[in-house]
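Residue-level structural notes
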Amino acid sequence: MIAFLLLSTAALAQGLDPAVSADGRWIAFASTGESSRQFHIWIRPLEGGNARQITSGSHDDSQPAFSPDGRMVAYRSEAGGGGIYVVPTAGGKPRLLAAGGRRPRYSPDGTRIAYTSANALFLRDMKSARSQPVHAGFRSAKDPVWSPDGKHLLFAGCKDASEESCDWWVSPASGGEPVATHAAAHFRQLHMESLPIPGTWQPTANTILFTARVGENTRLWSLPLSPTKWNATAAPRRLTTADKDERTPASTPGGRIVYASRSANIDVYTLPLHADAAATKGALTRITTDPSLDQRPSLSRDGKRIAWETSRGGNFEVWVKDLISGAEKGLTSGPLREHMPALSPDGASLVYDAHDGEKVTVFRSAFSGGEPVKIHEENVGQGSFQWTSQADSVLYFHREPPGTVGLMNLSTKQRTVLLRHPKLNLSIADARLSPDGRWIVFPVPYAAHRSRLAVAPVSTTVVDSESQWTYLLPDTFNSSQPEWSPNGKWIYFLSDQSGTLGVWALPMTTEGKPAGPSKQILALTGPRLSIHELRPRDIGLSIAADKLALAVAEYSGTLLTCAVATAVSESSPSPCQSK
C-alpha cells in the first residue's frame, strides 16, 4: 500500500492557518506580525523571502485560501460581525463575499467557493455571486474539501442528533446524494475526539490529510479513500512523532506539507456586564498573566473578588485575587490537586476539593487565608460547587453512580439529594440553583461531548425522571455550563449555536420557562482568542452583578514544512523529525 512519510521539518514563519498557491510558489497565513495584537493575512514565497501583509484593521483575519490563478485570497474576517472576504494578493480593498461564512475553499477551476456558516455547508458561484446551501437535510455539514479534479466535495457531517449518523461524506460537486466514507468508525476506534476537520485532499494515493485530537494532543494524520466507493480503505496513520500541537495541513504540488505548530496560553478573563439585564458594558480583559494554566474562575456576587485554579505551582492549586486592589495570592500548595473553588456570595469564604488518589476532601477557607476547615471526606469524588444565596450550604456533585446533585450544609455536614439520574452520572455535574432556590438548571447529554439545558423544580422529593424536567433549548446545538443572573431572570451558558463556542443568555420567567430567544453575550470567533477547544468545565463560566469570568485560550503558532516520500509500505514508520 502507498503511504506518506514525512522526512524532515523546517520552520517557515510565525503564524497559523497556512495555505499554498496552486503553483506552489506562495504561502498565505494568519499572523500578528511583530507589532499587532490582531491576526491579519500575510503572504510570502514558499522558498523564502520577505512576508507581505495584505489585510489590516482592528479585527482578526484568518483561514486564507488562494484562488487557482493566485490573484485573490479568500479568508475569514471578524469585521462586521464576521464573514468571508476576498482581497487581491497584490493588495487592495477587501470585499465581503459571504456574511457569517468561515473556512472558504476555492474549487480547482475557481468558479465556486465552498464554505461553512453556522454548521451548514454552502457553495458560492463566483459568476452569479449567489450562495446556495448544500445538503440542507443534514443536521450539520461543515469543513468542505474539494477533490483534486473538482468533481467531488468531502465534508464532516451529521444527518441527525445521533453519533452514529456523523461521518465524513463525499458528494458530487454538481449535486447528488452524499456517500459515507465510514471514517468515523476508525476515528472512534482510535479514540479521536469528535469528528476531525478534513485538511486537504492529496491527489497521490487519494489521501486526506487532517489533524485530530487524541487525549490531550492534536497531531497530523492521513486517511486513504477508495477512488470509486469513497470509503476509508485503512485506518488513519499518524504522520508525525514530535510533541507538538499540529493544525491545518496544506500541501504543495511537489508533495510537501505545510502545517502550523500551535501554542496556547490559557488565562482567566473578565467581561464587564449588567448581568440582570444581559447587557455587556466593556471589553474582555485578562486578569491572570502567568504562562501556566489558569481556569475555572469563581466570582463573588458583587464582582470584587475572584478565585480560580492554576497550575503555576506545578500542581493544581487555588488562588484568589482582589479585583479592586489587584492583590492576589495562592491559598493552597502541596502535592495534592486542589481545584474547583467556589466563592461565597459575599466573597469572604470559598470551598474547594483536594484529590489524593480516589480520596476527595472538601475544604472551606477564608478568602484572606489561614488554616482551611475540612467539610467532608470520602473515596468517591465530589465537586462543581455553588453556594446558596443564604450561604449556609453549597450545591455539590457526587459522582458515584448514579450521579447525584444535592445540598451540603456547611455546619451540620448533612447532605440532601436534589437531582439524580442513573444514565447521566457525570453529565449533571454542572447543575445550578436559581437565586430563590426554586429551580435547578443542568446540562443533559444527547451525543458525545454535546448537551442541552433542562430545568426542574426543587421540591421535597428527588428529581430522578426526565418527566420532571423541561428542556430550555433545542438539541440542534450544544449548550452547557449554566449560570443564573443575580436576579434569576437570565440563564447564562456556553453554546456553539453560531458555529463556534461563545457565551449566551436566555431570559427566564418566574415559572422556570424561557421568556424569549437566547442572545449572544460574548463571541470569540477569531484565531487569537477562543474557548471553542476547551472543555466547558475548565472554562468555568461565572456570573457576578457587574461582570462575567471565564478561562480563554490565546493562540500563537509557527509554520512548519515537511518533505514527503510516497513509496512507503504501510508498516514503515512515519516520523517528522525536527532539524
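Bear in mind that the values here come from a model prediction, so they are computed numbers and not experimental data.

Some remarks on the overall build of the protein
Scanning the protein from N- to C-terminus turns up 2 helices and 48 strands. In summary, the protein has a C-alpha radius of gyration of 25 Å against a globular reference of 25 Å for 579 residues, a match within 12%. Expressed as lengths along the three principal axes of its C-alpha atoms, the size of the protein is roughly 70 × 50 × 50 Å. Buried residues in the protein amount to 55% of all 579 residues.

A short note on the packing of aromatic side chains
A full pass over the atoms with the stated rule returns 11 aromatic pairs. Relative to tyrosine 471, the ring of tryptophan 469 lies with its centre 6.4 Å away and its plane at 80°, an arrangement referred to as edge-to-face. Tyrosine 471 gets classed as partly exposed once you look at its relative accessible area, which sits at 26%. Taken together, the aromatic side chains of Phe138, Phe155 and Trp169 make up a single cluster linked through ring pairs. Sitting above the plane of the tyrosine 555 ring, arginine 262 keeps its charged end 3.7 Å from the centroid. Sitting over the ring of tryptophan 319, arginine 312 keeps its end group 4.0 Å from the ring centre.

Quick look at the nonpolar core
Among the nonpolar cores identified, the biggest contains 51 residues, and Tyr492, Val503, Ile521, Ile531, Leu548 and Leu550 are the most heavily contacted of them. At 7 residues, the largest contribution of residues to this core is made by strand E48 (residues 547-568). The next biggest cluster of nonpolar side chains, apart from the first, holds 21 residues, and it includes Val145, Cys166, Ala183 and Leu195.

Re the state of the cysteines
Inspection of every chain in the model, using the stated rule, returns 1 disulfide. Cysteine 158 shares a disulfide with cysteine 166; S-S distance 2.0 Å. Of note, the bridge from cysteine 158 to cysteine 166 carries an S-S torsion of about 110° and is right-handed in sense.

Some remarks on the environment of serine 292
Position of serine 292 relative to the elements: it lies in the loop between strand E25 (285-286) and strand E26 (294-299). In this structure serine 292 comes out as buried when scored by relative accessible area, which is 13%. Residues serine 292 and aspartate 356, spaced 64 residues apart in sequence, show a C-alpha to C-alpha distance of 22 Å. In contact with serine 292, other than residues within four places in its own chain, are Asn265, Ile266, Thr310, Ser311 and Arg312. Within polar-contact distance, the side chain of serine 292 engages the side chain of threonine 310 at 3.4 Å.

Quick look at the side chain of glutamate 338
With respect to the helices and strands, the residue glutamate 338 is situated in strand E30 (residues 337-343). There is no salt bridge for the buried glutamate 338, and the closest opposite charge comes from arginine 337, which lies 9.3 Å off by N-O distance. Setting aside residues up to four positions removed in sequence, glutamate 338 forms contacts with Glu309, Phe316, Glu317, Val318, Thr332, Ser333, Tyr352, Asp353 and Ala354.

With respect to the sheet that holds strand E7 (residues 72-77)
With antiparallel pairing, 4 strands are arranged side by side in an open sheet as E6-E7-E8-E9. Looking at the sheet topology across the chains shown, the edges are occupied by strand E6 (61-66) and strand E9 (95-99). Averaged over all pairs of adjacent strands, the angle between their axes in this sheet comes to 25°, without regard to strand direction. One ladder, built from 4 bridges, connects strand E8 (residues 83-88) with E9; its direction is antiparallel.

A short note on the sheet that holds strand E27 (residues 305-310)
Strand order across the open sheet formed by 4 strands is E26-E27-E28-E29, with antiparallel pairing between neighbours. Of all strands in the sheet, those with a lone pairing partner are E26 and strand E29 (328-330), marking the two edges. Strand after strand, the sheet turns through a mean of 25° between neighbouring axes, direction not considered. Where E26 meets E27, 4 bridges bridge the pair, whose relative direction is antiparallel. Among the inter-strand pairings, leucine 299 is bridged to a residue of E27, identified as isoleucine 306.

Topic: the environment of leucine 323
Relative to the assigned elements, leucine 323 resides in the loop between strand E28 (317-322) and E29. Among all residues touching leucine 323, those that are not within four sequence positions of it are Ile287, Leu299, Gly303, Lys304, Ile306 and Lys547.

So, the pairing of strand E18 (residues 197-202)
Across the 6 residues that make up E18, a large majority, 5, are buried. Two elements, E18 and strand E19 (residues 207-214), share 5 bridges in a ladder whose sense is antiparallel. Its bridge partner being in E19, tryptophan 201 is matched across the sheet by isoleucine 208.

Thresholds applied
- Residues numbered from 1 in each chain as written.
- Predicted model: local features only at pLDDT ≥ 70, side-chain atom pairs only at ≥ 80, totals over all residues.
- Heavy atoms only, no water.
- Helix = DSSP H or I, 4+ residues; strand = E, 2+ residues; numbered from the N terminus.
- Rg over C-alpha atoms; globule rule 2.2 N^0.38 Å.
- Buried < 20%, exposed > 50% of the residue type's maximum accessible area, 1.4 Å probe, protein only.
- Phe/Tyr/Trp six-rings, centres within 6.5 Å; stacked < 30°, edge-to-face > 60°.
- Lys NZ or Arg CZ within 6 Å of the ring centre and 35° of its normal.
- Core = buried A, V, L, I, M, F, W, Y, C linked by side-chain atoms within 4.5 Å.
- Disulfide = S-S within 2.5 Å.
- Contact = heavy atoms within 4.5 Å.
- Polar contact = N/O pair within 3.5 Å; in protein donor to acceptor, adjacent residues only side chain to side chain.
- Lys, Arg positive; Asp, Glu negative; His and termini not counted.
- Salt bridge = Lys/Arg side-chain N within 4 Å of Asp/Glu carboxyl O.
- Pairing = 2+ DSSP bridges.
- Axes fitted to C-alpha atoms, helices over the stretch in contact; angles between N-to-C directions.

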